[in-house]
Amino acid sequence: MGFFKFSFITFLTVLCLSACTTSKSVSKYTDADLVWSDDFNGTELNTNDWNYEFHEPGWVNNELQSYDDSKENTYVKDGFLIIQPLRKQNADGTFSYTSGRISTQKKHAFTYGRFEARLKVPKGQGYLPAFWMMPDDESFYGQWPKCGEIDIMEVLGHETDTVYGTIHFGEPHSQDQGTYTLASSSFADEFHVFAVEWEPGVIRYYCDGNLYKTMNDWYTKRPGFGEVTYPAPFDQPFYMILNVAVGGNWPGSPDQTTTFDEKAQLLVDYVKVYQKKSYDENVEKPKKAAVIDSPAGNMIKASKEKWTFLTAQGGEGSLSVEDGKIEIAPTADGPVEYAVQLVQGPLPMINGNVYRYSFDASADEERTLVTAITAPEVGWIRYFADTKISLAKEKKHFTWDFTMSAESDANARVEFNLGSQGSLAKVYIENVTLEKIGTADLSSSEVKLLPDGNIIRNGQFQEGKGRLAFWEVESADEPKVFVTNDKGVRELKITGPAKVSQKDLVVPGKKEYILSFDGHASADCSIEVNVGKMKEKVALTSSKKHYEFVYMDDMTSKCELDFVSSLDNTDVYIDNVFFKENAILLNGDFSNGMAAWDLYCNESADASVNTSSGSATISVLKTGNLDWMIQLKQGNISLEKGKTYKVEFEAMSDISRTIMWALQRDGSGDNNWIPYSDTQKIQVWNAKKTYSHTFTMESESDSAVIFTISLGAVDGKVINEGHRVVISNVSVEEVK
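Residues numbered from 1 in each chain as written. Predicted model: local features only at pLDDT ≥ 70, side-chain atom pairs only at ≥ 80, totals over all residues. Heavy atoms only, no water.

### Examining the pairing of strand 26 (residues 367-374)
In terms of burial, strand 26 is largely enclosed, as 8 of its 8 residues are buried. Where burial is concerned, the two faces of strand 26 agree: the one with R367, L369, T371 and I373 and the one with T368, V370, A372 and T374 are both buried. As judged from the 5 bridges shared by strand 26 and strand 29 (residues 409-417), these two strands associate in the antiparallel manner. Paired with I373 across the bridge in strand 29 is V414. (Buried < 20%, exposed > 50% of the residue type's maximum accessible area, 1.4 Å probe, protein only. Helix = DSSP H or I, 4+ residues; strand = E, 2+ residues; numbered from the N terminus. Pairing = 2+ DSSP bridges.)

The structure is reproduced here in structure tokens:
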């Protein structure tokens, strides 16, 4: 269940759109299409179909419950699956919560179909029951939200007349959501049928046979890579999940009105899956209307009706606007910056435009506020970064120029955030201006390193029309050159004489590189593989093999990679093309920015990263409550059994704190994250120090190892004090 920062205006818009599009609809799926079901008529949960999931409190969304296999929380009785959240008072007077979560992961996963459940939800403040779906292989497109998520049914325990249907996707995190509200009664009073019909390029949401939302516009991409060919990520096997969450970011915590009796139960009568024999995946993404630039001059309107005053999580206050002069009077500032918030939007922001943002502001006494220009519909990314300014009684003028480097957005907004600033002083704002002052050329003729260190773009054949973006095909006979798509297996297929090339590759000189790819053919044969000065004759067989060639260039240059087949009656298959520096760990000095690196930040934490002068600086605003909630990491590292490795890097922090690191197994598929190097904890402070550790790889060789530096709540120490951790000169070397 994904969570998102959610404004009241957005909610009303979604609710209105859903109500306007609700209609009774006859499903195209019949009993003849039923491929799997569970009616829970036994005496216990069938573990051939379902898994119990185990998670600690706070694992996602700041939820309060733990999940386990307790028969008090999850059981089958009288033809129903029952998930029962429970509360226990601890010796110190606090409360702990348990609940149930089950899934069909690795047991029943489906690509496309109708997914349906008949159920009755719990009622009570703090409950969030859900029937939803996640990819069976979350790593296929990348961790959430890149992998995609389909929420078939979510109902807030304190608003049990409304169901939410949502898809999550992106990166940055985006979503589409619909709602269906009962005219009378409640989803907690009687059973209702919830379903989605998911087909290539469309997802339809139903409640009791009423079609209330149709979705067809989504995407997925990893930062620094191209967008994956539509309809990704919703073109892979998904499994089903049933659970009841307690507390968390969306429903809020239980209160004195919340009971933990039979009213708290999620009752599931059945779950059914229907599928057609086949689906046509030859679909194209809907064309979006171009974002229209704003007229010259100030985009901000001074009138009161153009401003929206919002409060959240206990924040309170009032707004007055007269003759363009804004007065904000907070009476409670809440625990988060957006607890007291003034916004104006939608505002069109155009890629490549240079903007000037300015205003005058003062306060009754010295205090701070945070301003930003954000993207409510694109994961709340910042077009103008969160900027904290200091106010005093004397009016000050603030101004900034910035370039819009993200994709154009018709629905940006200006924000003034007064929450969690330690002050209730009134704030006065006037002359707010956002105007275009020029344009910038953001194009680049050079192909830079991808975030995984690869010089080759679309080496896994996942991007662009026909999944052939960045590749050029040359042949006089027009052979069949295309990318296969057999149950998620995507390979370049060459039938007949042809040359498939990627040109103008930028190769930084005086380094050793490795060109690698996977290849096979319908019969034993040879093809040519050329890159720069290197010309290789490569023998392929009917068995897929991994090929590697070392390449050395003594100067910075551009070159071309060619796969050349001169065969008439043989099919050649190529996949996973990599051309990158010959090193165990790539870009350890961050001289190529974040290439090969990634910063993971859980929604319960807050962190960002910048690189300069050969270092990565991670700005941490809050750690979350678990160590892994902030991680600087690099994947696809190869370690060989029996070899000894030395890990070394420099680190410092503006505050004294503990961080930890490990070279560990990629457990995204089976949750096995064994640290091959053991988990290393180090103390860092405001003086740079070199840290090193030597270990021998005792496990079997692994070419998909992840190097992680964890900056969350190490040893359970939550840090909500803003600070910076600087990492530099990271290396992993084999000890001779």
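### Digging into the packing of aromatic side chains
A full pass over the atoms with the stated rule returns 45 aromatic pairs. Consider the rings of W661 and F707, whose centres lie 5.9 Å apart with planes at 40°: the pair is tilted. Of this pair, W661 sits in strand 46 (residues 657-664) while F707 sits in strand 49 (residues 702-710); the two residues are 46 residues apart in sequence, bridging distant segments of the chain. Here W661 and F707 have matching classes, each one buried. The rings of F110, Y112, F115, W198, W218, Y230, F234, F238 and Y279 are connected pair by pair, giving a single aromatic cluster. Geometry around Y206 places R114 over its ring, the cationic atom sitting 5.3 Å from the centre. One residue, R222, lies across the ring of F225, its end atom 3.8 Å from the ring centre. (Phe/Tyr/Trp six-rings, centres within 6.5 Å; stacked < 30°, edge-to-face > 60°. Lys NZ or Arg CZ within 6 Å of the ring centre and 35° of its normal.)

### Observations concerning unusual backbone geometry
Of note, the amide linkage connecting E171 to P172 takes the cis form, showing an omega dihedral of 10°. Inspection of the secondary structure puts P172 in the loop between strand 14 (162-170) and strand 15 (173-181). Residue P346 follows G345 across a cis peptide bond; omega there is 5°. If you trace the backbone, P346 turns up in strand 24 (residues 340-349). Positioned with a positive phi, R467 is a non-glycine residue whose angle comes to about 60°. One can find R467 in the loop between strand 30 (427-439) and strand 31 (472-474). Judged by its relative accessible area of 11%, R467 is buried. Phi at N576 takes a positive value of approximately 50°, unusual for a residue other than glycine. Its location among the elements puts N576 in strand 40 (residues 571-581).

### Looking at the sheet that holds strand 28 (residues 396-403)
Taken in spatial order, the 5 strands make up an open sheet running 22-23-30-25-28, and their pairing is antiparallel. Unpaired on one side and paired on the other, strand 22 (316-322) and strand 28 mark the two borders of the sheet. Taken over all neighbouring pairs, the strand axes of this sheet differ in orientation by 25° on average, direction set aside. (Axes fitted to C-alpha atoms, helices over the stretch in contact; angles between N-to-C directions.)

### Structural notes on the pattern of salt bridges
Scanning the entire structure with this criterion turns up 34 salt bridges. A salt bridge links E171 to K146; the nearest nitrogen and oxygen atoms lie 2.9 Å apart. Taken together, the positions of E171 in the loop between strand 14 and strand 15 and K146 in the loop between strand 12 (127-135) and strand 13 (149-154) put the pair 25 residues apart, joining distant regions of the chain. A residue is classified by how much of its surface remains accessible, and K146, at 10% relative accessible area, is buried. With its nearest N and O atoms 4.0 Å apart, the salt bridge here joins D217 to K288. Of this pair, D217 sits in the loop between strand 18 (210-215) and strand 19 (238-246) while K288 is found in the loop between strand 20 (266-274) and strand 21 (308-311), placing the two residues 71 residues apart along the sequence. The class of K288 is exposed, set by a relative accessible area of 67%. (Salt bridge = Lys/Arg side-chain N within 4 Å of Asp/Glu carboxyl O.)

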